[in-house]
Amino acid sequence: MSHLDLTNLTTVINARGTFTPLGVSRTSPQVCADVTTALANYYLIDELQELASQTLSKYTGAEATSVTHCSAASITISVAATMAGSSPEKVAALPDTTGMRDHVIIPAAHCVNYGQPILQAIRLSGAKPVVVGSQDECSLTDLEKQISDNNTCCLLLVSSRLVTDDPVDISKAVEIAKKHNVPIIIDGAAQDFRIDKLLDTGADLVLASGQKYLASPTAGLVVGNRDLVAATRAQETGIGRGMKATKEAIIGVLSAIGERTSLNVGEWQEMQEAKISNFVERSNAIKGVSARSVPDPTFMPFSRAYLQIDESKARCDAPTLIKALKNGSPAIWVNDDKASQGQLGFELVQITDQEIDMILARLEELLI
Ligand SMILES: *Cc1c(COP(=O)(O)O)cnc(C)c1O
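Residues numbered from 1 in each chain as written. Predicted model: local features only at pLDDT ≥ 70, side-chain atom pairs only at ≥ 80, totals over all residues. Heavy atoms only, no water.

**A look at the overall build of the protein**
If you tally the helices and strands in the protein, you get 13 helices and 12 strands. Classification of the 368 residues of the protein by burial places 50% in the buried group. Considering only contacts within the protein whose residues lie at least 6 apart along the sequence, 71% involve residues at least 24 apart. Carbon together with sulfur atoms contributes 51% to the accessible area of the protein, which is approximately 17,400 Å² in total. (Helix = DSSP H or I, 4+ residues; strand = E, 2+ residues; numbered from the N terminus. Buried < 20%, exposed > 50% of the residue type's maximum accessible area, 1.4 Å probe, protein only. Contact = heavy atoms within 4.5 Å. Areas by Shrake-Rupley, 256 points an atom, 1.4 Å probe, with all protein chains shown as cover.)

Dropping the structure here:
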């Protein structure tokens, strides 16, 4: 018998996307079952990590992979790996970087806050970020100018979070860093469908979250160069101790990668597009709403629905509507990145048909 009592908790419909304060994603029944098995047993963690590495290599084509606690942890640990390698003395010394190269080049436009400033995730390792260019501009010459003997790595980001159009040409930036032997790490936390594409840029390490679209338990994947991946594991005896992957996370990742490998992405994408266009059509029938489908700006295989609220026809404006949806029961969370332009964003990847009905009913209730 369960002793859990969750009756006082808020029931949530998550149309916001893979958002940490909402628990990120829904894990499939099979992955849940495999994680349950994992929790009840012992394993050699090194064997689990090796199995994850081999399995991820088949999926991504990479030399090696390590599993960490999450992508934020992956950033700190992979920067540490470029500084300390697998040297036990250096691993033990961090975050004291005396005698190590410790400058991390990062374009200004990539200095995002995903709930934590990314610069802090770098600094936690002991490294010092060198911010290049401005929000709208970061030329290859700017990047090249900052490359020096002090650099340990260059960190680039691929994310729909980049609010302005990304001024950095990732492949060209990788080329420049390579020319100067500076390792490149790409934070592609929400890019699990595109790990192979990001590796194709020539990056040394690609970081992806397990719990976002892959929908495993919370985990970070560090994918790429064998020695650097090994060095990320080496940090587990140092600053990475609190950032290690659990047995249930590694087995959850293995199970989720199994599901992903057997997924027909083309069919899945069609299903997602049908869901969005149906939602757009039904939203457009609500007075004061004009809805459209917006493809993911980073080429992930799905679109989002954006609803423009016409204040002169609807009962309230977009920011008020977003608040009212959140305060209802169930609480409906949407993407508010374009709220100031009068728009609400809906990510429906993990939303059920029944939830879609509830969202549309609530929109009508609030707008008409
Ligand atoms: C989500 C995200 C992170 C943090 O990922 P966690 O796995 O929650 O630690 C880091 N960078 C980017 C770009 C993200 O989207």
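**Re the site of the ligand**
Around the ligand sit 13 residues, and of these S71, A72, D187, Q211 and K212 come closest. Within the backbone of S71, an N or O atom sits 2.8 Å from an oxygen atom of the ligand. Within the backbone of A72, an N or O atom sits 2.8 Å from an oxygen atom of the ligand. Against a free-state accessible area of 380 Å², the protein chains account for coverage of 94% of the ligand. Tallied by class, the residues present in the shell around the ligand amount to 5 nonpolar, 5 polar and 3 charged. (Near = heavy atom within 4 Å. Polar contact = N/O pair within 3.5 Å; in protein donor to acceptor, adjacent residues only side chain to side chain. Nonpolar A, V, L, I, M, F, W, Y, C, P; charged D, E, K, R; others polar.)

**Some points on the packing of helix α12 (residues 318–327) against helix α13 (residues 353–367)**
Packed helix pairs are characterised by how far apart their axes lie and by the angle those axes make with each other. Put simply, α12 and α13 touch, their axes get as near as 11 Å, and they point 125 degrees apart. With respect to α13, the element α12 is oriented oblique. Crossing handedness for the pair α12 and α13: right-handed. Where α12 abuts α13, its residues L321, A324 and L325 lie against R362, L363, L366 and L367. Here the contact of α12 with α13 is built from residues that sort into 6 nonpolar, no polar and 1 charged. (Axes fitted to C-alpha atoms, helices over the stretch in contact; angles between N-to-C directions. Parallel < 35°, antiparallel > 145°, perpendicular 65-115°, else oblique. Left-handed = near helix turned anticlockwise from the far one by under 90°.)

**A word on unusual backbone geometry**
Leaving glycine aside, a negative phi is the common case for residues, and trans is the common case for peptide bonds. Cis geometry marks the peptide bond from L94 to P95, where omega comes out at 10 degrees. Turning to its location among the elements, P95 is positioned in the loop between α4 (88–93) and β3 (103–107). With an omega of 0 degrees, the peptide bond running from S329 to P330 counts as cis. As for its position among the elements, P330 is in the loop between α12 and β11 (331–334). Phi at F299 takes a positive value of approximately 70 degrees, unusual for a residue other than glycine. Among the secondary structure elements, F299 is positioned in the loop between β9 (289–295) and β10 (303–309).

**Comments concerning the packing of aromatic side chains**
This model, assessed by the stated rule, comprises 5 aromatic pairs. Considering the side-chain rings of F19 and W333, the 6.1 Å spacing of their centres and the 40 degrees angle between planes classify their relative orientation as tilted. Remark: W333 occurs in strand β11 and F19 occurs in the loop between β1 (12–15) and α1 (29–39); sequence separation between them is 314 residues. A centroid spacing of 4.9 Å and a plane angle of 45 degrees characterise the contact between Y213 and F302, whose relative ring orientation is tilted. On the criterion of sequence distance, the pair formed by Y213 in the loop between β7 (205–209) and β8 (220–224) and F302 in the loop between β9 and β10 is long-range, its members being 89 residues apart. Note on Y213: relative accessible area 12%, which makes it buried. Among the aromatic side chains, those forming a connected cluster through ring pairs are F193, Y213, W268 and F302. The cationic tip of K326 hangs over the ring face of W333; the distance from NZ or CZ to the ring centre is 4.4 Å. Lying across the ring of Y306, K338 places its NZ or CZ 4.1 Å from the centre. (Phe/Tyr/Trp six-rings, centres within 6.5 Å; stacked < 30°, edge-to-face > 60°. Lys NZ or Arg CZ within 6 Å of the ring centre and 35° of its normal.)

**A word on the sheet that holds β3**
Strand order across the open sheet formed by 7 strands is β2-β8-β7-β6-β5-β3-β4, with mixed pairing between neighbours. The sheet is open, and its two borders are formed by β2 (64–68) and β4 (128–132), each paired with just one other strand. Between one strand axis and the next, the sheet turns by 25 degrees as a mean value, whatever way the strands run. Pairing geometry for β7 and β8, over 5 bridges, is antiparallel. (Pairing = 2+ DSSP bridges.)

In short, geometric facts, not functional conclusions.
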